[in-house]
Amino acid sequence: MPLMSFTLLTIFPEMFPGPLGHSLAGRALAEGIWGLDVLNIRDFATDKHHTVDDRPFGGGAGMVMRADVLDAALTAARAGKEGERLLYMSPRGRPLTQKAVKSLVNYKNLTILCGRFEGVDERLLEAHGAEEVSIGDYVLSGGELAALVLIDACIRLLPGVIGEPLALEEESFGDAGEYAGLLEYPLYTRPAEWNGRKVPEVLLSGNHEEIRRWRLEEARRITQERREDLWERYKAVKKT
Ligand code: 9D3
């Protein structure tokens, strides 16, 4: 039994698993650590042209996904899955954060509706208690790539997907360790000199205390330069 299963509703089922069929995620999928079910919304349309959208009441540009067609698809998708969460990928949703991802991985089943066109009929979202999720303040062409991002962020937290659990500890958005809340320090590997560029001397010194201090200072400098929001929160937590 998979630790976590995703049921996707989309008019572009061939976009899944896409990149998640490769690398660590792909291996974990093949091993059954996580599962993926993809439903084509168009299969639930009842007219001969398999129509899934219609013009917006009140006028305006673009098309809206129909509540009746989506309801048939969602009812099929959610059958026999108790306590599952329904997410609707939407530019007006709650922003996805690492904290939100950690909450999502506590669920065995996530149903994810991927919108196209201008969006979906509001009544469908109300009737099914859908939670709207955005992956950031930029405009995509539809919810499918956003769903892939969300799923990737979830499955890498499942035991057995990433080989080395230690690597999860010291992440920028993690909450443990001295680098918590900071962006990553610069990384180097061999060769020690490349195109006239040398690796910082301290990293070759073998002095672990000095290395630790240098990395922390670099992480702080980079965070301060690039992410005022993270820097303010880091200072508030560290009281520095
Ligand atoms: C005219 C108003 N537009 C909203 C910004 C309409 C609109 C644009 C793009 C409606 C849907 C979309 C498609 N985007 C998504 O489905 C989407 C999305 C995104 O565009 N940005 C960040 N997260 C997400 S999650 C789903």
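Residues numbered from 1 in each chain as written. Predicted model: local features only at pLDDT ≥ 70, side-chain atom pairs only at ≥ 80, totals over all residues. Heavy atoms only, no water.

Chemist: Lay out the nonpolar core in plain terms, naming residues and giving numbers.
Modeler: Within the largest apolar cluster, 29 residues are counted, with the highest numbers of intra-cluster contacts made by F6, L8, W34, M89, I112, L150 and I151. For this core, the secondary structure elements donating two or more residues are β1 (4–10), α1 (23–30), β5 (85–95), α3 (98–104), β6 (109–114) and α5 (144–155). The element best represented in this core is α5, accounting for eight residues. With residues near it in sequence (within four places) discarded, F6 still touches W34, G35, L36, D37, L110, I112, I151, C154 and I155. Counting 19 residues, the second largest nonpolar core, distinct from the first, contains L9, L70, L86 and L113. (Core = buried A, V, L, I, M, F, W, Y, C linked by side-chain atoms within 4.5 Å. Buried < 20%, exposed > 50% of the residue type's maximum accessible area, 1.4 Å probe, protein only. Helix = DSSP H or I, 4+ residues; strand = E, 2+ residues; numbered from the N terminus. Contact = heavy atoms within 4.5 Å.)

Chemist: How would you summarise the site of the ligand if you had to cite specific residues and measurements?
Modeler: The local shell around the ligand holds 16 residues, among which I135, G136, Y138, L140 and G142 are the closest. In this structure, S134 approaches the ligand through a side-chain N or O atom, which is 3.5 Å from a nitrogen atom. Residue I135 places a main-chain N or O atom 3.0 Å away from a nitrogen atom belonging to the ligand. Residue assignment for the shell around the ligand shows that the elements contributing at least two residues are β5 and β8 (131–134). Here the shell around the ligand is composed, by residue class, of nine nonpolar, six polar and one charged. (Near = heavy atom within 4 Å. Polar contact = N/O pair within 3.5 Å; in protein donor to acceptor, adjacent residues only side chain to side chain. Nonpolar A, V, L, I, M, F, W, Y, C, P; charged D, E, K, R; others polar.)

Chemist: I'd love a proper account of the sheet that holds strand β3 (residues 53–54), names of residues and values included.
Modeler: One open sheet accounts for three strands, arranged β3-β4-β7; its pairing is mixed. Looking at the sheet topology across the chains shown, the edges are occupied by β3 and β7 (119–120). Where strand β4 (residues 64–65) and β7 come together, two bridges link them in parallel fashion. Within β7, the position partnered with M65 by the bridge is V120. (Pairing = 2+ DSSP bridges.)

Chemist: Pulling in residues and values, what's your account of helix α7 (residues 228–238)?
Modeler: For α7, the complete set of buried residues consists of L230, W231 and Y234. Within α7, the buried residues cover an arc of 100° as seen down the axis, which keeps them to one side. In α7, those exposed residues whose orientation departs by more than 90 degrees from the buried face are E228, R233 and A236. (Arc of directions from axis to C-beta.)

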